[in-house]
Amino acid sequence: MKGSEVRRGYRRVDAVLKVTGRARYGSDFDGGTSPAHACLVTSRIARGRISRFEETPVRALPGVLEILSFKNLGGRIKPGQTFPTGGYMGSSVAPLDSTTIWYAGQIIAVVIANTFEEARAAARQLKVEYIEEPPTASFAVGHEGVDFEGQTEKGPAVGDAIGAHTAAPVKIDARYATPTQHHNSMELFTTTCAWKDGKLTVWESSQNVYGYQYGLADQLGIPPADVRIVSPYLGGAFGGRSFLSQTTAVIALGAKMIGRPVRLEASRADGFTIATYRAETRHRVRLAASREGRLQALIHEGWEVSSRRDTYKVAGVDVSTRLYACPNVASSVTVCAADRATPGFMRAPAEVPYLFALESAMDELAVALDMDPIELRRINDTQVEPIEGRPYTSRALMQCFDVGAERFGWNRRNPTPGSMREQDWRIGFGCASSLYPTFMAPAAARITLWADGAAQVQTAAHEMGQGVRTVVAITAAEGLGIPLDQVRVEVGDSSLPPGPVAGGSNSTASVCNAVAKGCQDIRERIIAAAVAAAEGPLKGMIAREIRFIAGYLVCAAGREPLRTAIARLGRGALESYAENSPHGTPAGGVAGMYKGQPAFTGGTFLKDRIQCAFGAQFVEVRVHERTGEIRVPRLVGAFAAGRIVSPLTARSQLMGGQIWGMSAALHEATQMDAHHARYVNTDLAGYLVPVAADIGQIESIFVPEEDSLVNDLGIKGVGELGNVGLNAAIANAVFHATGLRIRELPIRIEHLLERLS
Amino acid sequence: MRAFAYIRADSTDSALRGMGSPTQPDRLNPQVQYLAGGTLLLDLMKLEVLSPHQVIDINGLESEYGRIELTEGGLHLGALVRMSQAADDARVRRDYPVIAQSLAQAASAQIRNMASLGGNLLQRTRCTYFRDTSWQGCNKRQPGSGCAALNGPNRQHAVLGVSDQCISTYPGDFAQSLVALGATVETVGPTGRRSVDLEALYRDAQQPELETNLLPGELITGIRVPAGPWTRNSAYLKIRDRVSYEFALASAAVALDLSEGRVREARIALGGVSYRPWRAREAESVLKGQPLTQANATAAARAAFATARPRAQNAFKVELGQRTLVRALLQVAGQTS
């Protein structure tokens, strides 16, 4: 079962359902019968309180059934804890609790009406006045010697970094900035709630159905057993559906109050404030090296924005300090409070901003050393992380660079910036390292093998488009030796055996290891009966030599149809309920899984080792020398992520990640009106993501890697890996094309224009 | 969106009758609106920037106003011709490439298939403070309420033709190509038919709530583009952050009549940088009679932006607008790609 053999020919098991519109997403459910429709009213101020709330005329408008606000829901919804503090919420602000406004776009009322149009028209009529205080929109400039006001925590450190930086012959000291970003999944934030016999069913796209179940029960003060979350398919999530948003509990109470299912389809603009987002970051990176390029010091300081209520941080120094061999390391993270919603997980939350800074600085160091940037990474490559000296379970970073460089044609790169041109376009080649920690969490799965040789797998994993149904089906098909189309997979429902939150790229590793265990259990029971049988071709054979292949039990001496072997057990079906508890799972980790609080382990969390997937990102950019447009004709990424269960879906994930990375470098940024601490580009015309015309040639290459330590199946996970480092690779390529070092994302025409010829 | 009455007009007369003749027309938020492609009107109705009581669907008049005609005197485009129809028309592409290119680079394929040419001319700005009614400072939406964009995020905003009342950008592309070529629009209204110079149709930014000189109830029925030796030698260059489906940061519509390397006549309009479709006559004068060199193109571009008034985040548009024009001029003159 181990190894990284590439399986070809597997399709996405739900492909036909998806392209024929039969796959049902959270938004596709109507809660049973004729739901009422909800529309949100949100605050236009970022700080202050509501002074007047005139709902009486709105209650009289056509179709209006109920208006939810602090007036009738104040104190009804328990404020939950945020995920990093052991809770389930994106924010600790209890919805519709009081007149206090914590951020612009906070929900202040929900209008429920018979139709969507009536609810929306009525919501617009609600007259609300505020007493407004001047908000802090983002980083507040600090006092003398302090960059920004905030709470600082020291990060990983070893040696004397400041001293070594001062003494070293070649050094870099640079500041970088990344912008606010929002997930903007294609599917909007929708919730449909229905009560029946005191029990609540919620249809809402979620990458954490157990967390939503337990969190919602806590918010509403009802037993978790009375809450069910249904989310068979998600139209994108990217971290934005990891935590309960501000809407679910409110819609659940609304449905209870009117005695009818209620459906909310929040607008695209609402999606910018009712859930989480990636907050802007600032960095100062100091690197120092010997003249041969050996790192002597690495100091990474990060600044992040969180809300006034919650201290959320991504603290990417955890990985940025461990990527290269370096004897002297220091780091810190400062969190600055602003009048904003609480940020949350988004697409490699820590690695995207922190590796932008580090991998840009590495490129600057290579320039200062007059050294090829790949060679600089090779000189500082390590199999042992430099802080605590823990070994990587496997690390194929340089193999990725070598394979990627070959495919990309890195040797055609003239290192002199601005030296490569074609007509009016300047050409730049850039590269950067990618890394993503291999996190794992406990997971459970129920495997049922029927007498006819077909199987079913049930686990509350989450199908976000990443292909979890496909990897689970492949694992079960291989584990039971049956054709892929004989495996039925059920995911995305809190009534199934628990799977962890689909975050941190852990799903494939966590869930498939549980599925494989369940299959092994079933195999062992079948084999035991077959070898102990009074007759049959496997009678008396050695159990461990029997394989399950293509519907047969096979060993050197003979074979027996699987159905015959199952029939011997005298049952209609064999069932196995498997739990997997990965290496390093803390005490209580499995119990936590059953309450939607899976204990994440792996990555940088382990005492005895460190486990990460690696990659090398290569890009070609073209910059128009007159008008400064940046185009990306080629992306080549080479990735080593252990065993690839499903090459088809893994490649799609990596490719999507590479496009995200390009998007983060050149397109995505939420713009803010700083006077009002409000976002202004809250639609897909203003919040840019690449269109098909922006995408050139993309190659996503798997570099073979076997890792027998990381978990039984040797899986690392590719969900976020393709995204990391690409922003820096693009900035590095822009430097190579133009000689201009842009340390702020996204890179825009205005950054280049004044300094182009 | 508020409830509204929907009427289908089957003739010009029935359209005008549906419009009626209100004694005190609300020019800010007309209570009766014509509906063609609907790509703008429905959008703004959902946002409640516009909230008409009645909508008159004029798509039934397509047989009358849906044709493209090419004569020696020029090009005639019916107001109900769809953007994609004109962009794909072989005659337009051959004889008026600047028009075809401006249309092909606008919006998305879906929108181009729906949107009418008449409606396209009346596009409203994308300024957030205008489109989102929860903002309080927008003189265009609420006269006298101020302009939040002056000191807000104004990267996308205009540098030419702006005022202290409004710095919003005219977002379209097609109108620039028409203004460059000196097009006129034909209208019909309660007081009869008339023909208006397109450039003069757009008002300045002093009173931003009034964008055009169309009379209440007046309907654009067609566009007439005069022929000229420059129309074939023309192009539309649009610069933006992504390759497609985005409004211009800067654009230039350029048509040149060249003789032995010298400019006999230049027709230039600018987009993405201006409050309204912007004819750059100063740039045209600089080029007239001169050889089309990089130096002359640069001088022309400088003249075009002499009156620019940038704000904090859009100062780069002064430079980008000039570079865009220079590139477009050299491209039409065959000196660059």
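On a predicted model such as this, the values are computed, not experimentally measured, just so you know.

Moving on, we get to the environment of Ala533(A). Residues and elements named next belong to chain A. Within the element layout of this structure, alanine 533 appears in the loop between α13 (507-532) and β22 (547-549). Relative accessible area serves as the criterion here: at 11%, alanine 533 is assigned to the buried category. Alanine 533 sits 203 residues away from histidine 736 along the chain, and the two C-alpha atoms are 71 Å apart.

So, on to the domain arrangement of chain A. A common way to express how large an interface is: the accessible area buried when the components associate. Residues and elements named next belong to chain A. When cut into domains, chain A gives domain 1 (36-134 + 186-237 + 241-272), domain 2 (281-438 + 605-753) and domain 3 (441-594). Using C-alpha coordinates to define each centre, domain 1 is positioned 40 Å away from domain 3. With 19 residues of domain 1 at the interface, the matching set in domain 3 holds 18 residues. Buried surface at the junction of domain 1 and domain 3, summed over both partners, amounts to about 1,400 Å²; 50% is from carbon and sulfur atoms. In this structure, the connection of domain 1 to domain 3 is made through one salt bridge. The residue aspartate 493 makes a salt bridge to arginine 228 at a minimum N-O spacing of 2.5 Å.

This next bit is on the side chain of Ser245(A). On the secondary structure map, Ser245(A) appears in the loop between β11 (227-230) and α7 (248-258). Not counting chain neighbours up to four residues away, the residues in contact with Ser245(A) comprise Met89(A), Ile274(A) and Ala275(A).

Residues and elements named next belong to chain A. Under the criterion given, the structure shown has 67 salt bridges over all chains. With its nearest N and O atoms 3.9 Å apart, the salt bridge here joins aspartate 707 to lysine 716. In this structure aspartate 707 comes out as buried when scored by relative accessible area, which is 5%. One network of salt bridges, in which partners are shared, links Asp318, Arg322, Glu385, Glu388 and Arg390.

Moving on, we get to the nonpolar core. Residues and elements named next belong to chain A. Within the largest apolar cluster, 90 residues are counted, with the highest numbers of intra-cluster contacts made by Leu287, Leu365, Phe618, Val621 and Ile730. With 10 residues, helix α9 (residues 351-369) is the largest single contributor of residues to this core. What valine 621 contacts, discounting residues up to four positions off in sequence, is Arg426, Ile427, Gly428, Ile630, Arg631, Val632, Pro633, Ile730, Ala733, Val734 and Ala737.

Chain B puts 40 residues into the contact, and the matching count from chain A is 39 residues. Summing both partners gives a buried area of about 3,400 Å² for chain B against chain A, and 48% of it is carried by carbon and sulfur. On the chain B side of the interface with chain A, the three residues burying the most area are Trp135(B), Arg242(B) and Arg323(B), jointly 22% of the side's total. In this structure, the connection of chain B to chain A is made through four salt bridges. We note a salt bridge from Glu750(A) to Arg155(B), for which the minimum N-O separation is 2.5 Å. For the pair chain B and chain A, the interface holds 18 residue pairs in polar contact (both at pLDDT 80 or more). Those elements that place two or more of their residues in the side of chain B that touches chain A are α9 (128-131) and α14 (316-332) of chain B. Looking at the side of chain B that touches chain A, the element that brings in the most residues is α14(B), giving eight residues. Among the residues making up the side of chain B that touches chain A, the classes are represented as 14 nonpolar, 12 polar and 14 charged.

What follows deals with the packing of aromatic side chains. Residues and elements named next belong to chain A. Under the definition given, this model contains 24 aromatic pairs over all chains. When the ring of tyrosine 277 is compared with that of tyrosine 679, the centres are 6.2 Å apart and the planes differ by 70 degrees; the resulting orientation is edge-to-face. You can see tyrosine 277 sitting in the loop between β12 (262-265) and β13 (281-289) and its partner tyrosine 679 sitting in strand β30 (residues 678-679), a full 402 residues away along the chain. Residue class for tyrosine 277 comes out buried when judged on its relative accessible area of 0%.

Moving on, we come to the sheet that holds strand β31 (residues 697-702) of chain A. One key point about sheets: their strands pair by backbone hydrogen bonds, in either a parallel or an antiparallel sense. Residue and element names in this part refer to chain A. The sheet built from five strands is open, its strands ordered β16-β17-β27-β28-β31 with mixed pairing. Every other strand in the sheet has two partners, leaving β16 (421-422) and β31 as the edge strands with one partner each. Pairing of β16 with strand β17 (residues 425-437) involves two bridges; the strand directions are antiparallel. For glutamate 422, the partnering residue across the bridge sits in β17 and is tryptophan 425. Along the sheet face, helix α11 (residues 397-408) touches β17, β27 (612-624), β28 (630-640) and β31 and points at about 30 degrees away from the line of β27.

On to α14(B), then. Residue and element names in this part refer to chain B. The first and last C-alpha atoms of α14 sit 24 Å apart over 17 residues, in line with the 24 Å expected at 1.5 Å per residue. Most of α14 sits inside the fold, with 15 of its 17 residues counted as buried. Immediately beyond the C-terminal end of α14, within one or two residues, lies glycine 334, with a positive phi of roughly 80 degrees.

Let us now look at the environment of Gly74(B). All names here are of chain B. Position of glycine 74 among the secondary structure elements: in strand β5 (residues 74-78). Assessed through its relative accessible area of 4%, glycine 74 is described here as buried. Linking glycine 74 and alanine 183, residues 109 residues apart in sequence, is a C-alpha distance of 9.7 Å. Those residues within four positions of glycine 74 in sequence are excluded, and the remaining contacts are Glu69, Tyr96, Val225, Pro226 and Ala227.

About the thresholds
Residues numbered from 1 in each chain as written. Chains lettered and ligands numbered in written order. Predicted model: local features only at pLDDT ≥ 70, side-chain atom pairs only at ≥ 80, totals over all residues. Heavy atoms only, no water. Helix = DSSP H or I, 4+ residues; strand = E, 2+ residues; numbered from the N terminus. Buried < 20%, exposed > 50% of the residue type's maximum accessible area, 1.4 Å probe, protein only. Domains from an automatic or database assignment. Contact = heavy atoms within 4.5 Å. Buried area = accessible area lost by both parts, 1.4 Å probe. Salt bridge = Lys/Arg side-chain N within 4 Å of Asp/Glu carboxyl O. Core = buried A, V, L, I, M, F, W, Y, C linked by side-chain atoms within 4.5 Å. Polar contact = N/O pair within 3.5 Å; in protein donor to acceptor, adjacent residues only side chain to side chain. Nonpolar A, V, L, I, M, F, W, Y, C, P; charged D, E, K, R; others polar. Phe/Tyr/Trp six-rings, centres within 6.5 Å; stacked < 30°, edge-to-face > 60°. Pairing = 2+ DSSP bridges. Axes fitted to C-alpha atoms, helices over the stretch in contact; angles between N-to-C directions. Expected span 1.5 Å × (residues − 1).

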